[in-house]
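# Observations on the model geometry
Each chain, written out:
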Amino acid sequence: MNGEARREWFEKDYYQVLGVPKNASAAEIKKAYRKLAQQHHPDANPGNAQAEERFKEVSAAYEVLGDADKRKQYDQVREMASSGFGAGGFPGGFPGGFPGGGRVRVEDVSGFGFGDVFGDLFGGAGRRGRARPARGADLETEVTVTFEQAMEGTTVPVRISGPAPCETCRGSGAAPGTSPVTCPTCAGTGAVAVNQGLFQMSQTCPNCRGSGQVVETPCQTCGGSGTQRRTRSFQVKVPAGVQDGARIRLAGRGEPGRAGARAGDLLVTVHVRPHVFFGRKGADLTVELPVTYAEAALGANVQVPTLNGPVTMKVPAGTPTGKTFRLKGKGAPRRSGRGDLLVTVQVEVPRKLSKTEKALLEQLSEMETESPRRRFGVG
């Protein structure tokens, strides 16, 4: 990964910018960023320069802390700075500076290590990376489908309101008939060198914000930002067998990136309405099947509902209530084949008996010689 140790990495506490502790999880960092980005987004604060500056600061912090590798590098740089490295000292030796009085160019901390940071001083070759504008934020929405739609697969519409690529300039920020030009400040590299005494730091170009290009004739619709607030509609394909709570990612359908960076993604959470009698355990479906006392005692062939219509299942004689049978391939769709249908037998006890039924059961009771409670030591 290309990345640059910017002067801001020594000077700014990105954790404080986002209002999270240093040991914050990735989810906590993302949540804090999204809240601050929405609060200070230029589209939500037109003409507010202070809000725009705060948005830039928050975006810069998330660009580092939102990337696991960059965050690790940033933490290492901050640790070095706190140990005296950034003040001209060298942790563990060379308290007066560096031998020979040479200047260290800190440009790239990909695979961060002393060999990279001090490459110019000790004969290594630094790798110059181009500053990359922040990727657009992800957006989230929800859809609800029926149990049958979840089993068969379906396509559902979603509508998202918020920042989107400008329809007039198609996200370039330049007026129709014109195009962005190479930034004269950084010559298109997206970064500029800044002398910091012993160090020569590389930081994001303040003129083009790291894109390497500037807009000379801004689009009148979006004011050169390349984005506008509008409602967009998408068709989301829900795959067969989707489970409740599953998330579908639509790449590039989120918020536009800054300065030409790629857009974020749209994350769609799928909710599945419960079925009247089917339940679910992973790829397996479940159903409770009522049978009569006679069917359970004598055995019977009974009809069982499935997704594709009823099938016949044999209930062996003497089947107790709660016994579960597995019907292969009658469950939910999955990547290869289908799951199974788990059929749990529930013996129904009649609530009302006719005189004939009552007389027959009394005869059966008189014929029974052993109590089912015998194993408990009671009658």
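Let me begin by describing the structure that accompanies this report.

Rules used throughout
- Residues numbered from 1 in each chain as written.
- Predicted model: local features only at pLDDT ≥ 70, side-chain atom pairs only at ≥ 80, totals over all residues.
- Heavy atoms only, no water.
- Salt bridge = Lys/Arg side-chain N within 4 Å of Asp/Glu carboxyl O.
- Helix = DSSP H or I, 4+ residues; strand = E, 2+ residues; numbered from the N terminus.
- Buried < 20%, exposed > 50% of the residue type's maximum accessible area, 1.4 Å probe, protein only.
- Core = buried A, V, L, I, M, F, W, Y, C linked by side-chain atoms within 4.5 Å.
- Contact = heavy atoms within 4.5 Å.
- Phe/Tyr/Trp six-rings, centres within 6.5 Å; stacked < 30°, edge-to-face > 60°.
- Axes fitted to C-alpha atoms, helices over the stretch in contact; angles between N-to-C directions.
- Parallel < 35°, antiparallel > 145°, perpendicular 65-115°, else oblique.
- Left-handed = near helix turned anticlockwise from the far one by under 90°.
- Nonpolar A, V, L, I, M, F, W, Y, C, P; charged D, E, K, R; others polar.

## Let's talk about the pattern of salt bridges
What the rule picks out here adds up to 13 salt bridges. Between D138 and K30 there is a salt bridge, with the nearest N and O atoms lying 3.8 Å from each other. Residue D138 is found in the loop between α7 (119-122) and β2 (139-145), and its partner K30 is found in helix α3 (residues 26-40); the two are separated by 108 residues along the sequence. When its relative accessible area of 11% is taken as the criterion, D138 is described as buried. Take K30: its relative accessible area is 25%, and that puts it in the partly exposed class. In this structure, R249 engages D138 in a salt bridge whose closest nitrogen and oxygen atoms are separated by 3.9 Å. With R249 in strand β9 (residues 247-250) and D138 in the loop between α7 and β2, this pair connects stretches of sequence that are 111 residues apart.

## As for the nonpolar core
L266, V270, V304, M313, L341 and V343 are the most contacted members of the largest nonpolar core, which has 36 residues in total. Sequence-distant contacts of V343, that is, excluding residues within four places in its chain, are made with V287, L289, V304, M313, K323, T324, F325 and L327. With 22 residues, the next largest nonpolar core counts V17, Y33, V77 and A137 among its residues.

## A closer look at the packing of aromatic side chains
What the rule picks out here adds up to 5 aromatic pairs. Pairing Y15 with Y74 gives two aromatic rings, centres 6.2 Å apart and planes at 50 degrees, and the pair type is tilted. Within this pair, whereas Y15 is found in helix α2 (residues 14-18), its partner Y74 is found in helix α5 (residues 68-82), the two being separated by 59 residues in sequence. On the accessibility criterion, Y15 (5% relative accessible area) is buried. According to the relative accessible area criterion, Y74 is buried, its value standing at 1%. Cluster of aromatic residues (ring-pair linked, three or more members): Y14, Y15 and Y74.

## So, the packing of α3 against helix α4 (residues 49-65)
Between α3 and α4, whose axes approach to 9 Å, the crossing angle comes to 160 degrees. Classed by the angle they form, the pair α3 and α4 counts as roughly antiparallel. Of the two elements, α3 crosses α4, and the hand of that crossing is left-handed. The residues of α4 that touch α3, namely those facing I29, K30, Y33, L36, A37 and H40, are A51, E52, R54, F55, V58, S59, Y62 and L65. Looking at side-chain class alone, the contact of α3 with α4 contains 9 nonpolar, 2 polar and 3 charged residues.

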